[in-house]
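One-letter residues, chain by chain:
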Amino acid sequence: MAATILDGKALAQARRAQIQEEVARFRAETGIPPGLAVVLVGDDPASRIYVRNKERACQAVGIASEQHHLPSSTSQAQLLSLIDRLNRDPRIHGILVQLPLPPHIDERAVIEAIHPAKDVDGFHPANVARLVLNQEGLRPCTPAGILALLDHAGVPLAGTEAVVVGRSNIVGKPLAMMLLHRDATVTLCHSRTRDLAAVCRRADLVVAAVGRAELIRGDWIKPGAAVIDVGINRQPDGSLKGDVAFDEAVQVAGAITPVPGGVGPMTITMLLENTLQAARQLAAGPSEATR
Ligand code: NAD
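### Things to note about the sheet that holds strand E5 (residues 161-165)
Part 1 of the reasoning: In spatial order, the strands read E1-E11-E8-E7-E5-E6; together these 6 strands make up an open sheet with parallel pairing. Unpaired on one side and paired on the other, strand E1 (4-5) and strand E6 (185-189) mark the two borders of the sheet.
Part 2 of the reasoning: Where strand E7 (residues 205-208) and strand E8 (residues 226-229) come together, 4 bridges link them in parallel fashion. Note that in E8 the partner of Val207 across the bridge is Ile228.
Part 3 of the reasoning: Along the sheet, helix H7 (residues 172-181) makes contact with E5, E6 and E7, crossing E6 at roughly 170 degrees.

### Points about the domain arrangement of the protein chain
Part 1 of the reasoning: The domain boundaries assigned to the protein chain delineate domain 1 (30-115) and domain 2 (141-264).
Part 2 of the reasoning: Look at where the C-alpha atoms of domain 1 and domain 2 centre, and you get two points 29 Å apart.

### A short note on the state of the cysteines
Part 1 of the reasoning: For the structure shown, the criterion picks out 0 disulfides.
Part 2 of the reasoning: Distance from the sulfur of Cys189, which forms no disulfide, to the nearest cysteine sulfur (Cys200) is 5.9 Å.

### Examining the environment of Leu272
Part 1 of the reasoning: The topology assignment puts Leu272 in helix H10 (residues 263-283).
Part 2 of the reasoning: Of the residues examined, Leu272 reaches a relative accessible area of 0% and is grouped as buried.
Part 3 of the reasoning: Leu272 has contacts with Arg16, Ile19, Ala57, Cys58, Val61 and Ile63, leaving out every residue within four places of it along the chain.

### Overview of the site of the ligand
Part 1 of the reasoning: Around the ligand, the structure places 21 residues, and the nearest of them are Arg167, Ser168, Ser191, Ile232 and Thr267.
Part 2 of the reasoning: A distance of 3.3 Å separates a nitrogen atom of the ligand from a polar side-chain atom of Arg212.
Part 3 of the reasoning: Taken by itself the ligand offers 850 Å² of open surface, and the protein chains cover 73% of this.
Part 4 of the reasoning: Among the residues forming the shell around the ligand, the class breakdown is 10 nonpolar, 9 polar and 2 charged.

### Considering the side chain of Thr257
Part 1 of the reasoning: Turning to its location among the elements, Thr257 is positioned in the loop between strand E11 (255-256) and H10.
Part 2 of the reasoning: Within the local environment of Thr257, its side chain forms a polar contact with the backbone nitrogen of Asp229, the two atoms lying 2.8 Å apart.
Part 3 of the reasoning: Setting aside its immediate chain neighbours within four residues, Thr257 contacts Leu6, Leu149, Val227, Ile228, Asp229, Phe246, Gly262 and Val263.

Parameters at a glance
- Residues numbered from 1 in each chain as written.
- Predicted model: local features only at pLDDT ≥ 70, side-chain atom pairs only at ≥ 80, totals over all residues.
- Heavy atoms only, no water.
- Pairing = 2+ DSSP bridges.
- Helix = DSSP H or I, 4+ residues; strand = E, 2+ residues; numbered from the N terminus.
- Contact = heavy atoms within 4.5 Å.
- Axes fitted to C-alpha atoms, helices over the stretch in contact; angles between N-to-C directions.
- Domains from an automatic or database assignment.
- Disulfide = S-S within 2.5 Å.
- Buried < 20%, exposed > 50% of the residue type's maximum accessible area, 1.4 Å probe, protein only.
- Near = heavy atom within 4 Å.
- Polar contact = N/O pair within 3.5 Å; in protein donor to acceptor, adjacent residues only side chain to side chain.
- Areas by Shrake-Rupley, 256 points an atom, 1.4 Å probe, with all protein chains shown as cover.
- Nonpolar A, V, L, I, M, F, W, Y, C, P; charged D, E, K, R; others polar.

In structure tokens, the structure reads:
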């Protein structure tokens, strides 16, 4: 029997309608809308599209977004000075610096300059530490979106074998930690993992975040397992493929995300939720999470 399709687009739409109501409530209570500053340095075409999509999503739910599009010649000092200004701007509750940055700018210095209370990407070391310690804080958007999708579908996590393929700081590592906090037994795989197929075959949940089209084959999936495909691989004909061979895996899995229409829309939705969460916490005054 073919798997249930985990429809990220539909869930994202439902969540955004809810966020819109909560944004309106925040605005009525505080007199200002939640505000997100999006900083883009240079002219990377993919980054421009991501930034535009984020801005449109903000507008649709009533979050005030301001874009700072800086030339690729921008110095690190200029960028840090903009972040300092945004950190102190009371109308701005979230700051997102679109990665990658031009090579002359130290990404780490930039991420660390963002106030942790406004770090809606959840990449600041203070928020990473809070995630590891299972304390309240802003969580990275893609893994948060994956958990929302799994929870909505009622996929059980406690006690299950979860295999995450890919150990990036933005997806694989934080997701592994979140699944651990949900009592899954987590295996985190990467380019040096031996016999990846065998590791995947024992999983009740497989998450692929690699960036290699159709790396995960249908016969790597345990019958009935849940499969989350994070990969976005542009094909020569312009179409998109995930990291999972969908046509094969859909025959074996219990539930599976499509590409596109699975994880992607949930990622942007979590950015909106993080901006709202940051706005609420900043409006409530200093707390452990905002210091
Ligand atoms: P990355 O590019 O930083 O790292 C890739 C990871 O895959 C590494 O940890 C590497 O060890 C592992 N890897 C590489 N080859 C492997 C192999 N043969 N077997 C096992 N592991 C291997 O990863 P990323 O930034 O997390 O991106 C992964 C994919 O997810 C990309 O296609 C990216 O476009 C996509 N992505 C999608 C979203 C979304 O919202 N849908 C968000 C972030 C990333």
